Amino acid sequence: MTNYADDEDQAAKVDARQNVSRRSALKGGAALAVLPLTFEGPAEAQPTAPMVAGVAVEPAHSVLLSTSVNGKVVEFRVDARSSLLDFLRERLALTGAKKGCDHGQCGACTVHLDGRRVASCLTLAAKAQGREVITIEGLSDGEGLHPMQQAFIDHDALQCGYCTPGQIMAAVALVNEGNATSKERIREYMSGNICRCGAYVGIVAAIEDAASKMRRA
Amino acid sequence: MQPFTYTMPRTVAEAIAAFRQAGPDASYIAGGTSLYDVMKLDIVRPRHLIDVSAIEGLDAIETGRDQLRFGALARMSAVATDKTLLRDYPVLAESLWKAASQQLRNMATVGGNLLQRTRCLYFRNGTGNPSSVGLYPCNKREPGSGCAAIGGLDRGQAVLGQSDACTAVSPGDWPVALTAMDATVELAGPDGSRAMPIAELYRLPGDTPHLEFMLQPGEIITAIIVPKTPAGRRSTYHKIRDRESYAFALASAAVALDMDGDHVRRAHVALGGVGTRPWRARAAEQLLVGQRLTPESALTAGRAALEGARAGKHNGFKVDLGARTVADALMIAAERSA
Ligand SMILES: Cc1cc2nc3c(=O)[nH]c(=O)nc-3n(C[C@H](O)[C@H](O)[C@H](O)COP(=O)(O)OP(=O)(O)OC[C@H]3O[C@@H](n4cnc5c(N)ncnc54)[C@H](O)[C@@H]3O)c2cc1C
Ligand code: FES
Ligand code: FES
């Protein structure tokens, strides 16, 4: 069993006062969010390393989570409030799945849970207990790209790329569900993935192309 | 979001016991696509989550007996693609595949769907939502605080069943189809089990819009029952939205027809997107009985379905749209072979 760095025990020992101040600092984030998005400090001060240390919570408000992510079994104590998306990004540093809306509305956070596509932002991390998660990082089995990834490149199916990991995870599931039968059906079953750059024409073309390759594989 | 304890019972009895023990701040959670969403918006603040999604045997879909039975934990995506439903009860299947996205349908349960919260913008853009454009009063969220939708940006609000306290639309599609098809909801709770016609599950807002469902604390939906009817085959769920897919209904109609040639023997009609609860249109149903179905008689029925509608500032279009949605749905259903 592989364990990603887990300093939860350490975090749990953080004393109660610091604990509270960290939490109120998080709450203050709501007020900060309306400030203009400029960063005043020196560039070096911006955090670059992924944060893997979870915010300390009472044991009663956390869950022990054991799940398989991209084929590796991981075991973590997580805040019960945590979404699967935040768990993947903040604790496992798997930043492929993106946070677009955090409310199930955009599809940027799409991953596979036991082979089915889900919005990881509206999935409690606790629900992954004993199940298998596949993210964009685990889609191809080695050096080569998954046919869907290659098709997105071939058909210019992106511009900024922010929605792309979610689009690709949704698209692979769509083909496996048997829904890649026509352009209309692809559009209907991809409607949960919004692309602000409007790369939709390329996305549909990429899915049609990859679907035929996936069927042959 | 406030911290909460999280448990995952394996049986209905265990879940009810857990609820009893946890007290009034407890909440069941299934797929979480509605509850977790409103928790993130700080609208609902449970201290104990009881996840019912691992209860065994509650996700069965049974179509082979004398009635249709859907375990409360059946996923929307599973019920939407059931072959019997697609053929014999398209109104049920369509109400599900035209709802949300495949990702959400893979998570959401058909039981949780019945209890999803409204999408009223004033309800959602309130307390603690950092992305909101401001804080608005909402009687559903904070009883007694007022309703900013009345006289506000009310394009999406209800035209049927609203009160001086609340105009929020009942958002679900599946509940509308179930209402048309005379479904019953099976419940288990601290005081035993019971069954309830779906029409009795939903309250009108009146002056207590924060009370939405006729459930007792701790009651679990275990199954949804739909009586079989030959009208099922000639049925449809017609959903009109701002975009073609992945949006809530501006107006929708669930209809099923029992026909004798081109005359209507019996009609089932319910509306979504326009009412504060799933809206059964009995007047329209009665008008249709014995009638020859034509675009004209369908529209007359559609108008009857919207009888008593009251519009606000920006949602007057829903009155006509609702009537035409019913009319179109009737014509679509009639085309289908019994
Ligand atoms: C972006 C987005 C778009 C959507 N679009 C649509 C749409 O177009 N049409 C539509 O109809 N819906 C739509 N939905 C809503 C979605 O269908 C519902 O959120 C979902 O069906 C709720 O099911 P759930 O299992 O996730 O419920 P949960 O969120 O887990 O629970 C909802 C409520 O039901 C209670 N509950 C759940 N199961 C039970 C049970 N067995 N017994 C007692 N209480 C229970 C919970 O306590 C909670 O109060 C959309 C949702 C999102 C996020
Ligand atoms: S981030 Fe999950 S759907 Fe938008
Ligand atoms: S490529 Fe920019 S959002 Fe889709």
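Residues numbered from 1 in each chain as written. Chains lettered and ligands numbered in written order. Predicted model: local features only at pLDDT ≥ 70, side-chain atom pairs only at ≥ 80, totals over all residues. Heavy atoms only, no water.

1. Some remarks on the overall build of chain B
Applicable threshold: Helical segments are the DSSP runs of H or I of at least four residues, strand segments are the runs of E of at least two, and each set is numbered from the N terminus. Two things to know: the radius of gyration comes from C-alpha atoms, and the globule rule equals 2.2 Å times the number of residues to the power 0.38. Throughout, exposure labels follow a simple rule: accessible area from a 1.4 Å probe, protein chains only, divided by the maximum for the residue type, with under 20% read as buried, over 50% as exposed, and the rest as partly exposed. We call two residues contacting when some pair of their heavy atoms lies within 4.5 Å. The accessible surface values rely on the Shrake-Rupley method and a 1.4 Å probe; as for residues, cover is taken only from the protein chains in view.
Broken down by element type, chain B carries 12 helices and 12 strands. By the compact-globule yardstick of 20 Å for 338 residues, chain B fits well, its C-alpha radius of gyration being 20 Å. For chain B, the spread of C-alpha atoms along the principal axes amounts to about 60 × 50 × 35 Å. Residues counted as buried form 58% of the 338 residues belonging to chain B. Of the contacts made within chain B by residues no fewer than 6 positions apart, 65% connect residues no fewer than 24 positions apart. Split by element, the accessible area of chain B, about 13600 Å² in all, is 51% carbon and sulfur.

2. Notes on the environment of B:Leu73
Residue and element names in this part refer to chain B. Among the secondary structure elements, leucine 73 is positioned in the loop between strand S5 (67-71) and helix H3 (76-80). A residue is classified by how much of its surface remains accessible, and leucine 73, at 10% relative accessible area, is buried. Taking C-alpha positions, leucine 73 is 25 Å from serine 252, a pair spaced 179 residues apart along the chain. Leucine 73 has contacts with Ala30, Val52, Ser53, Ile55, Leu58, Asp59 and Thr109, leaving out every residue within four places of it along the chain.

3. Here's the deal with the domain arrangement of chain B
This is how the line gets drawn: Boundaries of every domain are those given by an automatic assignment or by a domain database.
Looking at chain B, the domain boundaries give domain 1 (5-54) and domain 2 (235-333). In this structure, domain 1 of chain B and domain 2 of chain B have C-alpha centres spaced 36 Å apart.

4. A few points about the domain arrangement of chain A
Residue and element names in this part refer to chain A. We count it as follows: Summed over both partners, buried area is the accessible surface (1.4 Å probe) that two parts give up on being assembled. Identification of polar contacts relies on pairs of N or O atoms within 3.5 Å, with a donor-acceptor requirement for protein atoms, meaning one able to donate a hydrogen and the other able to accept it, and with residues adjacent in sequence counted only if both atoms are side-chain atoms.
What the domain assignment reports for chain A is domain 1 (43-138) and domain 2 (147-216). Spacing between the C-alpha centres of domain 1 and domain 2 amounts to 23 Å. Contacts between the two partners involve 14 residues from domain 1 and, on the opposite side, 15 residues from domain 2. Between domain 1 and domain 2, a total of about 1200 Å² is buried, with carbon and sulfur atoms accounting for 58% of that surface. Per-residue buried area on domain 1 facing domain 2 is highest for His112, Arg117 and Ile136; these three make up 49% of the total on that side. Counting across the domain 1 and domain 2 interface gives seven residue pairs in polar contact (both at pLDDT 80 or more).

5. Thoughts on the sheet that holds strand S1 (residues 5-7) of chain B
Residues and elements named next belong to chain B. Heads up, the condition is: Pairing between strands requires that DSSP locate at least two bridges from one strand to the other. In this description, a line fitted to the C-alpha atoms serves as the axis of each element, helices being fitted only across the stretch in contact, and the angle between N-to-C directions of two axes falls anywhere from 0 to 180 degrees.
Read from one edge to the other, the open sheet built from three strands follows the order S1-S3-S2, with strand pairing classed as parallel. Two strands bound the open sheet, and with one partner strand each, they are S1 and strand S2 (26-29). Ignoring strand direction, the axes of neighbouring strands in this sheet form an average angle of 20°. Sheet topology places S1 next to strand S3 (residues 48-51); three bridges connect them, and they run parallel.

6. What to know about the nonpolar core
We apply this condition: What is meant by a nonpolar core is a set of buried Ala, Val, Leu, Ile, Met, Phe, Trp, Tyr and Cys residues, joined one to another through side-chain atoms within 4.5 Å.
One finds A:Phe87, A:Leu88, A:Val133 and B:Leu49 to be the most contacted residues of the largest nonpolar core, which totals 47 residues. Excluding residues within four positions of it along the chain, A:Val133 makes contact with A:Thr67, A:Ser68, A:Val69, A:Asn70, A:Leu84, A:Leu88, A:Val111, A:His112, A:Leu113 and A:Ala128. Counting 39 residues, the second largest nonpolar core, distinct from the first, contains B:Leu96, B:Ala177, B:Leu178 and B:Met181.

7. Remarks on the sheet that holds strand S4 (residues 61-62) of chain B
All names here are of chain B. In space, the five strands of this open sheet follow the order S4-S5-S8-S6-S7, with antiparallel pairing throughout. Either end of the sheet is taken by a strand with one partner, and the two such strands are S4 and strand S7 (192-197). Each of strand S6 (184-189) and strand S8 (220-227) touches helix H1 (residues 12-22); the most contacted strand, S8, lies at about 130° to it.

8. Comments concerning helix H5 (residues 90-97) of chain B
Where burial is concerned, most of H5(B) is hidden: seven out of the eight residues are buried. Turning to H5(B), its buried residues are B:Pro90, B:Val91, B:Leu92, B:Ala93, B:Glu94, B:Ser95 and B:Leu96.

9. Let's talk about the interface of chain B and chain A
To keep things clear, this is the line we draw: In the sections that follow, a salt bridge refers to a side-chain nitrogen of Lys or Arg positioned within 4 Å of a carboxyl oxygen of Asp or Glu. We call Asp, Glu, Lys and Arg charged. Ala, Val, Leu, Ile, Met, Phe, Trp, Tyr, Cys and Pro are nonpolar, and the rest, Gly among them, are polar.
Taken together, the contact between chain B and chain A spans 33 residues of the former and 34 residues of the latter. The largest contributions to the chain B side of the interface with chain A come from B:Tyr36, B:Gln103 and B:Tyr246, which together make up 22% of the buried area. Inspection of the chain B/chain A interface yields two salt bridges. Here B:Lys40 and A:Asp102 are joined by a salt bridge, their closest N and O atoms 2.9 Å apart. Summed over the shared surface of chain B and chain A, the number is 17 residue pairs in polar contact (both at pLDDT 80 or more). Looking at the side of chain B that touches chain A, the elements with two or more residues in it are S1, helix H2 (35-40), S3 and helix H6 (102-107) of chain B. Among the elements that line the side of chain B that touches chain A, the one with the most residues is H6(B), at six residues. For the side of chain B that touches chain A, the residue count by class is 14 nonpolar, 11 polar and eight charged.

10. So, the side chain of B:Thr229
Residues and elements named next belong to chain B. For threonine 229, the location among the structural elements is in the loop between S8 and strand S9 (235-240). Only 2.9 Å separates the side chain of threonine 229 from the backbone nitrogen of alanine 231, close enough to count as a polar contact. Other than its neighbours up to four places away in sequence, threonine 229 contacts Tyr89, Met181 and His268.

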